[in-house]
Amino acid sequence: MRSIRNGLVLALGITMTFGLAACGGDDGGTPAASDPNAKVELSLATFTEFGYEELIPEYERLHPNIKITHRKTGQGGPYHQDLITKLAAGSGLADVTAVEEGHLSNVLDKGSKFNDLPKIGPADASPDRWLGWKYDAAKTKDGKVIGYGTDIGPLAMCYRKDMLEAAGLPTDPEAVKPLFATWDSYFAAGDQYVAKAGGKAWFDSAAQNFNAMVNQLPTGYIGSDDKPTLDSNQGIKDAWTKVTGAVAKGQSAKLTAFSNEWNSGFKQGAFATKVCPAWMLGVIEEHSGPENAGKWAVTAAFPGGGGNWGGSYLTVPTQSKHPKEAAELAAWLTAPEQQIKAFQAKGTFPSQVKALEDPALLSETDAYFGGAKIGQLFAEQAKKVAKPQYKGPGDGQIQENASSPALQAVEQGKSADAGWTQLLDAAKKITR
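Conventions used here
The residue numbering used here restarts from 1 in each chain and proceeds along that chain's sequence as written. Residues qualify for local features only when their pLDDT is at least 70, as the model is predicted, and side-chain atom pairs are given and counted only at 80 or more; totals for whole chains, interfaces and linings, by contrast, use all residues. Excluded from the side-chain calculations are hydrogens and water; all other atoms, namely the structure's heavy atoms, are used. Numbering of helices and strands runs from the N terminus, with a helix taken as a DSSP run of H or I at least four residues long and a strand as a DSSP run of E at least two residues long. Here the globule rule reads 2.2 Å times residues to the power 0.38, and the radius of gyration is calculated from C-alpha atoms. For every residue, the accessible area obtained with a 1.4 Å probe (protein chains only) is divided by the maximum for its type, and the residue is called buried under 20%, exposed over 50%, and partly exposed between those limits. Contacts are assigned to residue pairs that have any heavy atoms within 4.5 Å of one another. Asp and Glu are treated as the negative residues and Lys and Arg as the positive ones, with His and the ends of the chain left uncounted. Where a charge lies is defined by one atom per residue type, namely NZ (Lys), CZ (Arg), CG (Asp) and CD (Glu). The quantity known as pLDDT measures the predictor's confidence residue by residue, on a range of 0 to 100. When a carboxyl oxygen of Asp or Glu is within 4 Å of a side-chain nitrogen of Lys or Arg, the pair counts as a salt bridge. Each aromatic pair joins two rings of Phe, Tyr and Trp (for Trp, the six-membered one) with centres within 6.5 Å, and gets the label stacked for planes under 30 degrees apart, edge-to-face for over 60, and tilted for any other angle. The criterion is that NZ of a Lys, or CZ of an Arg, lies within 6 Å of the ring centre and within 35 degrees of the ring normal, and then a charge sits over that ring. Criterion for a disulfide: a pair of cysteine sulfur atoms within 2.5 Å. Angular values range over 0 to 180 degrees, each being the angle between N-to-C directions of two axes fitted as lines to C-alpha atoms, with helices fitted over their stretch in contact. When describing relative orientation, an angle under 35 degrees is termed roughly parallel and one over 145 degrees roughly antiparallel, while 65 to 115 degrees is termed roughly perpendicular and anything else oblique. Here a crossing is called left-handed whenever its near helix is offset anticlockwise from the far helix by less than a right angle, and right-handed whenever the offset is clockwise. Polar contacts here mean pairs of N or O atoms no more than 3.5 Å apart (in protein, one a potential hydrogen donor and the other a potential acceptor; neighbouring residues in sequence count only if both atoms are side-chain atoms). DSSP bridges decide pairing: two strands pair if at least two such bridges lie between them.

### Details of the overall build of the chain
Then, in step 1: The helix and strand inventory of the chain stands at 18 helices and nine strands.
Then, in step 2: Relative to the compact-globule value of 22 Å for 432 residues, the chain shows a C-alpha radius of gyration of 22 Å, a close match.
Then, in step 3: The dimensions of the chain, computed from C-alpha atoms along their principal axes, are 75 × 50 × 35 Å.
Then, in step 4: Considering the chain as a whole, with its 432 residues, one finds that 57% of them fall into the buried category.
Then, in step 5: Within the chain, contacts between residues at least 6 apart in sequence are counted, and of these 77% link residues at least 24 apart.
Then, in step 6: Taken together, the 43 basic and 48 acidic charged side chains of the chain have centroids lying 3 Å from each other.

Structure follows, in structure tokens:
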């Protein structure tokens, strides 16, 4: 079977520095159509790979009166900066505008600038189409739903079988599950590994684990009142203590995620385990190279239960002159049938319930990971995710510009207490 490829697709929005965006703007468009057969021109803005290249002409064949201009850019960071700029300006956004989940917090507080999709979209785009947590994450405080969910990044754990075996740890995907049952068991296994691995690290980056831990908490960096929580959030402090404790015991390879050193670390066997959203499989294969095929494995377990990293939404800004037609396009692109086609084209993992039960997904395997049934595995992991954590304004910036640099400082020798103070100070500058 075709394995998931194009790993660096949708979920890297707040972890890297990106190139120029090509979101494009609304140049005035055509007048709103009163005649259902009247020609309507729609614009669709996406970034990286959504798998829509074949779907757009299919939609146009099914709707001869619709002409779609796809404004696609290869990078996500400046795309979202451009989005916020055009949102504030009141013009320039596409009729259907994609938003990555890491940037969703920056638009949810601007709900008045987006259409409420249940009010203008087709009746079959009902909430039960999606996993509940995916649908609910796009709700504003006043109950508007501003986005139809596209893909997701359910979390599992990837690991090097040969490296675990050399350290006397189990390697079978079922046998390793107890190691990854909780964060305590994960870091305890890391102690065992480091003691026998001759100085090799258990995981790649403290920040990668910490971000996953924080995202599992009932409340993250920003509370539902849009106020920062770091001074009083015991869950975040506990996660910090566990991660920095593991760093002190030599478990971290001290690699900055998505850096050149991190990329080469896969091929060099610099670490034995990796927080692994569905899209990460392609990243691992790309950087580990063909010489390491079969050495990596993935198991349907993740410390603390389920989690998600990555995925996007299709929104219809109020700038659109054709909101009804735009909502119909967004609903069609995110329907189960189209999500399966996008998955088959680019490996974007579906968020629709029916798509997660589709044999085309469940039968998907990955030869690089020893023939693992990755479709079924990640579908199971997706169903373990609890309700979405509220993401207030500044949440993503705290992760990128406060917690990650503070953890990197700890990895380079700063004390855990001093690193925590650095995190608090940087977060205050972001949220003040």
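Further notes follow.
### Some words on the confidence of the model for the chain
Then, in step 1: The pLDDT averaged across the chain works out to 91; a share of 92% of its residues lies at or above 70.
Then, in step 2: Every residue in residues 1-34 scores below 50 in pLDDT, and together they form 114 contacts with partners more than four places removed in sequence or on other chains.

### Considerations on the pattern of salt bridges
Then, in step 1: Applying the stated rule across the entire model yields 17 salt bridges.
Then, in step 2: D124 is paired through a salt bridge with R129; the nearest N and O atoms lie 3.5 Å apart.
Then, in step 3: For R129, a relative accessible area of 14% corresponds to the buried category.
Then, in step 4: Bridged by salt links that share partners, the residues E49, E53, K72 and K346 form one connected network.

### Notes on the packing of aromatic side chains
Then, in step 1: Taken as a whole and judged by the stated rule, the model has 27 aromatic pairs.
Then, in step 2: Put simply, the rings of Y159, F180, W183, Y186, F187, Y193, W202, F203 and F302 pair up and form one aromatic cluster.
Then, in step 3: Between K134 and the ring centre of Y313, over which it is positioned, the NZ or CZ distance is 4.1 Å.

### Description of the state of the cysteines
Then, in step 1: Using the criterion set out here, one finds one disulfide in the structure.
Then, in step 2: Here C158 engages in a disulfide with C276; their sulfurs sit 2.1 Å apart. One quick way to see it: the torsion about the S-S bond of C158 and C276 is about -60 degrees, and its sign makes the bridge left-handed. Highlighted residues: C158 in strand β4 (residues 147-160) and C276 in strand β6 (residues 271-277), separated in sequence by 118 residues. Each member of the pair, C158 as well as C276, carries the same accessibility label: buried.

### Regarding the packing of helix α9 (residues 234-248) against helix α17 (residues 395-411)
Then, in step 1: Running from N to C, α9 and α17 cross one another at 30 degrees; their axes reach a closest spacing of 10 Å. The orientation of α9 with respect to α17, classified from their angle, is roughly parallel. By crossing handedness, the relation of α9 to α17 is classed as right-handed. The segment α9 lies against α17, with W240, V243, T244 and V247 engaging A406, L407, V410 and E411.

### Structural notes on the side chain of T140
Then, in step 1: Residue position: T140 is located in the loop between α5 (132-136) and β4.
Then, in step 2: T140 sits in the buried class, given a relative accessible area of 8%.
Then, in step 3: Here the side chain of T140 touches D142 through a polar contact of 2.3 Å, side chain to side chain.
Then, in step 4: In this structure, T140 is in contact with L108, G111 and I146, ignoring residues within four places of it in sequence.

### What to know about the environment of P359
Then, in step 1: Here P359 lies in helix α15 (residues 359-362).
Then, in step 2: What makes P359 exposed here is its relative accessible area of 61%.
Then, in step 3: On a C-alpha basis, the gap between P359 and I340 in space is 10.0 Å, while along the polypeptide they are 19 residues apart.

### Section: the pairing of β4
Then, in step 1: Taken across its 14 residues, β4 has 14 buried, putting it largely inside the fold.
Then, in step 2: Taken together, the five bridges between β4 and strand β8 (residues 308-315) define a ladder with antiparallel strand orientation. Across the sheet, residue G149 finds its bridge partner in β8, namely Y313.
Then, in step 3: Pairing of β4 with β6 involves five bridges; the strand directions are antiparallel. Bridge assignment links A156 to a residue of β6, and that residue is C276.
Then, in step 4: Inspection of the sheet shows β4 paired to strand β7 (residues 296-299) by four bridges, in the antiparallel sense. The partner of C158 across the bridge, within β7, is V298.

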